[in-house]
Amino acid sequence: MKSFKSNAWMLPQPVLIIGTYDKDGKPNAMNAAWGGHWDMHEIVISLGSHQTTDNLADNPELTVTFATAETMVAADYVGIVSGRNTPDKMEKTGWTIEKAPNVNAPLFRDFPMTLECRVKQKIDESATGYCLIAEIVNILCDEKYLGEDGKPDVERMNLITYEPVRHGYIQLGKTVGKAFSDGKQLK
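A brief structural summary. These figures come from a predicted structure and were not determined experimentally.

1. With respect to the sheet that holds strand β1 (residues 13–14)
Reading across from one edge, β1-β11-β12 is the order of the 3 strands in this open sheet, with antiparallel pairing throughout. Only two strands of the sheet have a single neighbouring strand rather than two, namely β1 and β12 (168–171). Here β1 runs beside strand β11 (residues 160–163); their pairing, made up of 2 bridges, is antiparallel. Residue pairing in the sheet places Pro14 in a bridge with Thr161 of β11.

Shown next, in the form of structure tokens:
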């Protein structure tokens, strides 16, 4: 095995789009990869200092959605362009934006599924950022991404993952097994 120094290579990494409003109610979005579940009803996201963190200081509500193959270009764009420096950032994405129904944050209709969240805690807050713990208030899913059982069908969503080794995006594929079931073969 070849050895590598410590790096941010946890795989796979989600491509999260964080939606917030600024103090004047203007929507903003950023791309974040370092996030996941904190517990059953909470998520954690590592955030640097961004327009998003400025916005969350004024309004502790946000949306979190998952980038897809179809939204990849604009999702990457909101990760490389700062809302602090580019006033028309959101217009350039072409996304359909409306207010989320349960939190004071923007909903981006172009994505299949969105978590509506409220900030619960900021860990290790400093001038360079913090780890955000957010409570999931509600989950919205576009009906065209629901399976026959009425639940979100992740395989239909064309979700992408950030590939940190070569800085790429990889589209997630098909279902290959059944969790909490297939391992029973070895009992």
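2. Side note on the side chain of Thr63
Within the secondary structure layout, Thr63 lies in strand β6 (residues 61–66). One polar contact links the side chain of Thr63 to the main-chain carbonyl oxygen of Pro106, over a distance of 2.6 Å. When sequence neighbours within four positions are dropped, the list of residues in contact with Thr63 reads Ile17, Ile18, Gly19, Ala100, Val103, Ala105, Pro106, Phe108, Thr114 and Leu115.

3. Considerations on the sheet that holds strand β4 (residues 35–39)
One open sheet accounts for 7 strands, arranged β3-β2-β6-β9-β10-β5-β4; its pairing is antiparallel. Of all strands in the sheet, those bounded by a partner on one side alone are β3 (27–32) and β4. Strand after strand, the sheet turns through a mean of 35° between neighbouring axes, direction not considered. Bridge count for strand β9 (residues 113–126) against strand β10 (residues 129–141) is 11 bridges, and the pairing is antiparallel.

4. Some thoughts on helix α2 (residues 72–80)
What α2 keeps buried is the set Ala74, Ala75, Tyr77 and Val78. All buried residues of α2 fall inside an arc of 155° around its axis, so they share one side. Along α2, the residues that are exposed and aim more than 90 degrees away from the buried face are Val73 and Ile80. For α2, the secondary structure elements touched by its buried residues are β2 (16–21), β3 and α3 (89–93).

5. Quick word on the pattern of salt bridges
For side chains of opposite charge, pairing can occur when their charged atoms come near one another. Considering all chains together, one arrives at 5 salt bridges under this definition. Ionic pairing is found between Arg84 and Asp54, a salt bridge with its closest N-O pair at 3.0 Å. With a gap of 30 residues between them, Arg84 in the loop between α2 and α3 and Asp54 in helix α1 (residues 51–58) connect regions that are remote in the sequence. Given the relative accessible area of 40%, Arg84 is considered partly exposed. When the shortest N-O distance is used, the salt bridge between Arg118 and Glu61 registers 2.6 Å. Taken together, the positions of Arg118 in strand β9 and Glu61 in strand β6 put the pair 57 residues apart, joining distant regions of the chain. For Glu61, a relative accessible area of 14% translates into the label buried.

6. Quick look at the side chain of Glu61
Of the polar contacts made by the side chain of Glu61, one reaches the backbone nitrogen of Asn104; its length is 2.5 Å. Every residue in contact with Glu61, bar those within four places of it in the chain, is listed here: Gly19, Thr20, Leu56, Val103, Asn104, Ala105, Cys117 and Arg118.

7. Looking at unusual backbone geometry
Of note, the bond from Leu11 into Pro12 is cis; its omega dihedral lies within 30 degrees of zero at -15°. By secondary structure assignment, the location of Pro12 is in the segment before β1. Of note, Asn158 is a non-glycine position whose phi angle comes to about 55°, a positive value. Relative to the helices and strands, Asn158 resides in the loop between β10 and β11.

What counts as what
Residues numbered from 1 in each chain as written. Predicted model: local features only at pLDDT ≥ 70, side-chain atom pairs only at ≥ 80, totals over all residues. Heavy atoms only, no water. Pairing = 2+ DSSP bridges. Helix = DSSP H or I, 4+ residues; strand = E, 2+ residues; numbered from the N terminus. Polar contact = N/O pair within 3.5 Å; in protein donor to acceptor, adjacent residues only side chain to side chain. Contact = heavy atoms within 4.5 Å. Axes fitted to C-alpha atoms, helices over the stretch in contact; angles between N-to-C directions. Buried < 20%, exposed > 50% of the residue type's maximum accessible area, 1.4 Å probe, protein only. Arc of directions from axis to C-beta. Salt bridge = Lys/Arg side-chain N within 4 Å of Asp/Glu carboxyl O.

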